[in-house]
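# Coordinate inspection notes
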Amino acid sequence: MWMWVNGELRDAADARVSVLDHGLTVGDGIFETVRTTGGRPFALTRHLDRLTRSARGLGLPDPDLDEVRRACAAVIEANPMELGRLRITYTGGLSPLGSDRGNDGPSLVVALGEVKRRPDTTAVITVPWTRNERGALAGLKTTSYAENVVALARAHEQGASEALFANTVGQLCEGTGSNVFVVLDGRLHTPPVSSGCLAGITRALAVEWSGALETELPLDVLEHAEEIFLTSTLRDVQAVHRVDGRELPGGPGPVTAKAMRVFEERAANDLDP
């Protein structure tokens, strides 16, 4: 595997950043995950726009998007694969121990790993921990991901692929790495960004292409929703067949199946919507 590290391609065995990089010592960094198909990235412009928004939210300098695009193209060319996860990581760079940033400038790492197509349906659980919709990192895609690691491990222990959070006022928020949609009385809904969820790229496209409503929803909506699905870069639109102990009837329901079909068709027709 070849990776881009601070200005050049390096073999994975020789791809290094300092152990004093602020992304490592205190989680001071942001990232994007971009799907690649046949060597072509999907929705890269939207991902780079969000990278910049996250950098500003964290107080990092704006990333040089021309450099990021060059890095992505170089890494994709150097690692041919049919379906890939392109990871762009941008951190506070070399810094003293502690929360203060150093003066050496940020670090940029781009890597690509091969992935398999996700199944059409999956199981999810809810967890007792909450998202803080009023926190400094709300809505930012940062490398401070430990609470997602803990929640996802809980999901795997219970035979699920994702864990769903409420926010501090009990509203349905998001998954560890996904957004969630529910069908109520035949209408499609998803929590608004004000709930504290990440403004997912796939979420935004699914809302635009399906006409979903952004609605404040209690967590217990999962107990009676007619259909539930997840969206994310690598899931696209993925139906949920079980939430906690509740089995949803059949495979993808009609609203979910339509959203899956529309997303697949629209994404195939425009790689940078």
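Everything below is about the structure shown above.
Attention in this report is confined to the structure presented alongside it.

### Thoughts on the nonpolar core
With 23 residues, the main nonpolar core has L86, I88 and V110 as its most contacted residues. No other element matches helix α3 (residues 65-78), which puts six residues into this core. Each residue touching V110, except ones within four places of it in the same chain, is listed here: M3, W4, A71, C72, V75, L86, R87 and I88. The next biggest cluster of nonpolar side chains, apart from the first, holds 18 residues, and it includes I201, L205, A206 and M260.

### Considering the layout of surface pockets
Approximately 1,200 Å³ is the volume attributed to the largest pocket. Lining the largest pocket we find 47 residues, and of these K141, Y145, T176, G177 and S178 sit closest to its centre. Elements supplying a minimum of two residues to the lining of the largest pocket: β3 (29-37), α2 (44-58), β5 (83-91), β7 (121-131), α4 (146-157), β9 (172-175), α5 (201-210) and β13 (227-232). No other element matches the four residues that α4 contributes to the lining of the largest pocket. When grouped by side-chain class, the residues that make up the lining of the largest pocket number 11 nonpolar, 22 polar and 14 charged. If you add up the space inside the second largest pocket, you get close to 500 Å³. Lining of the second largest pocket is provided by 24 residues; of these, R35, T37, R117, D236 and E264 occupy positions nearest its centre. Secondary-structure elements contributing two or more residues to the lining of the second largest pocket are β3, β4 (40-41), β14 (236-243) and α6 (254-269). Per-element accounting of the lining of the second largest pocket gives the leading share, six residues, to α6. Taken together, the residues that form the lining of the second largest pocket break down as 11 nonpolar, two polar and 11 charged.

### Things to note about the pairing of β5
Each regular strand displays side chains that alternate between the two surfaces of the sheet. Across the nine residues of β5, seven count as buried, placing the element largely inside the fold. Sheet topology note: the β3/β5 ladder contains nine bridges and is antiparallel. Pairing of E32 across the sheet is with I88, part of β5.

### Some details on the environment of A12
Mapping A12 onto the fold places it in the loop between β2 (8-11) and α1 (22-25). Among all residues touching A12, those that are not within four sequence positions of it are M1 and M3.

### Observations concerning α5
For α5, the tally of buried residues reaches seven of 10 residues, placing the bulk of the element in the interior. Turning to α5, its buried residues number three or more, namely I201, T202, R203, L205, A206, V207 and W209.

### Thoughts on empty space enclosed by the protein
Inspection of every chain in the model, using the stated rule, returns one cavity of 30 Å³ or more. The volume enclosed by the largest cavity comes to roughly 30 Å³. Along its surface, the largest cavity is lined by L205, A206, W209, S210, V237, A259, V262 and F263. Breaking the lining of the largest cavity down by element, the ones donating at least two residues are α5 and α6. A per-element tally of the lining of the largest cavity places α5 first, with four residues.

Criteria and cut-off values
Per chain, the residues get numbers from 1 upward, laid out in the order the sequence is written. Two thresholds apply to this predicted model, a pLDDT of at least 70 for residue-level local features and 80 or more for giving and counting side-chain atom pairs, whereas whole-chain, interface and lining totals are computed over all residues. Processing note: side-chain calculations cover all non-hydrogen atoms of the structure and skip hydrogens and water entirely. Take the buried Ala, Val, Leu, Ile, Met, Phe, Trp, Tyr and Cys residues and link them wherever side-chain atoms come within 4.5 Å; each set so joined is a nonpolar core. Relative accessibility thresholds used throughout: buried, under 20% of the residue-type maximum; exposed, over 50%; partly exposed, between the two (1.4 Å probe, protein chains only). Helix and strand definitions here come from DSSP, where helices need a minimum of 4 consecutive H or I residues and strands a minimum of 2 consecutive E residues; each element is numbered from the N-terminal end. In what follows, residue pairs with any heavy atoms lying within 4.5 Å of each other are defined as contacts. The definitions used throughout rest on a 1 Å grid laid over the protein atoms alone, on which a cavity is an enclosed set of points accommodating a 1.4 Å probe that cannot get out and a pocket is an open set flanked by protein within 12 Å on both sides along at least five of seven lines; lining residues are those having an atom within 4 Å of a point. Grid points are joined across faces, edges and corners, and a volume is the space filled by probe spheres set on the points. Only Asp, Glu, Lys and Arg are considered charged, only Ala, Val, Leu, Ile, Met, Phe, Trp, Tyr, Cys and Pro nonpolar, and every remaining residue, Gly among them, polar. Think of it this way: DSSP has to see at least two bridges between two strands before they count as a pair.

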